[in-house]
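Structure assessment
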Amino acid sequence: VQLAESGGGLVQPGGSLRLSCAASGFTFSSYGMSWYRQAPGKERELVAYISSTAGNTYYADSVKGRFTISRDNAKNTVYLQMNSLKPEDTAVYYCRADRRPLTYWGQGTQITVSS
């Protein structure tokens, strides 16, 4: 099983980034997918969730209206489009796959929002 995040980096406030998480080793289309983030000194928090068929999504209040989660089951990939980025969005971003009782995590990708 592998979840490989990409697309992280340094961006100025107000900028945009798109994260990708490529999955392999499990039946991607059967799993709910999430993006989490962890800032230095803080607990890991849920940013966004998308159900296996993309019929349901959830966003943390802090990113609602700025971030969009999507998935392509044909490509075994989940995305996080991040717009209007703020310094407080700086964190390591992780993707996660869930299908009870199984959970898989990616290794994370750093996002730094700074001028």
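So, here is what we can say about the structure in this document. Given the structure is predicted, the values throughout are model-derived calculations rather than measurements. (Residues numbered from 1 in each chain as written. Predicted model: local features only at pLDDT ≥ 70, side-chain atom pairs only at ≥ 80, totals over all residues. Heavy atoms only, no water.)

This part takes up the nonpolar core. One broad rule of soluble globular proteins: the nonpolar side chains tend to lie buried together. Of all hydrophobic cores here, the largest spans 29 residues; its most connected members are Trp 35, Leu 80, Met 82 and Tyr 93. At the level of elements, strand S3 (17-24), strand S4 (32-38), strand S5 (45-50), strand S7 (67-72), strand S8 (77-82), strand S9 (91-99) and strand S11 (109-113) are the ones that each hand at least two residues to this core. (Core = buried A, V, L, I, M, F, W, Y, C linked by side-chain atoms within 4.5 Å. Buried < 20%, exposed > 50% of the residue type's maximum accessible area, 1.4 Å probe, protein only. Helix = DSSP H or I, 4+ residues; strand = E, 2+ residues; numbered from the N terminus.)

Here the focus is the packing of aromatic side chains. Two numbers describe a pair of aromatic rings. These are the distance of the centres and the angle of the planes. One pass over the full model with this rule turns up 5 aromatic pairs. For the ring pair Phe 26 and Tyr 31, a centre distance of 4.7 Å and an interplane angle of 65° mean the geometry is edge-to-face. Using a relative accessible area of 13% as the deciding quantity, one classes Phe 26 as buried. Look at Tyr 31 and you get buried, because its relative accessible area is 5%. Ring geometry for Phe 26 versus Tyr 104: centroids 5.2 Å apart, planes at 45°, classification tilted. Residue Phe 26 is found in the loop between S3 and S4, and its partner Tyr 104 is found in strand S10 (residues 102-105); the two are separated by 78 residues along the sequence. (Phe/Tyr/Trp six-rings, centres within 6.5 Å; stacked < 30°, edge-to-face > 60°.)

Our focus in this paragraph is the pattern of salt bridges. Applying the stated criterion to the full structure yields 5 salt bridges. Note that Glu 45 and Arg 37 form a salt bridge whose closest N and O atoms lie 2.7 Å from each other. On the basis of relative accessibility, which here comes to 35%, the residue Glu 45 falls in the partly exposed class. Here Arg 37 ties to Asp 89 by a salt bridge, and the two come within 2.9 Å at their closest N and O atoms. With Arg 37 in strand S4 and Asp 89 in the loop between S8 and S9, this pair connects stretches of sequence that are 52 residues apart. Of the two residues, Arg 37 and Asp 89, both sit in the buried class. Each of the salt bridges in this network shares a partner with another, and the network as a whole consists of Arg 37, Glu 45, Arg 66 and Asp 89. (Salt bridge = Lys/Arg side-chain N within 4 Å of Asp/Glu carboxyl O.)

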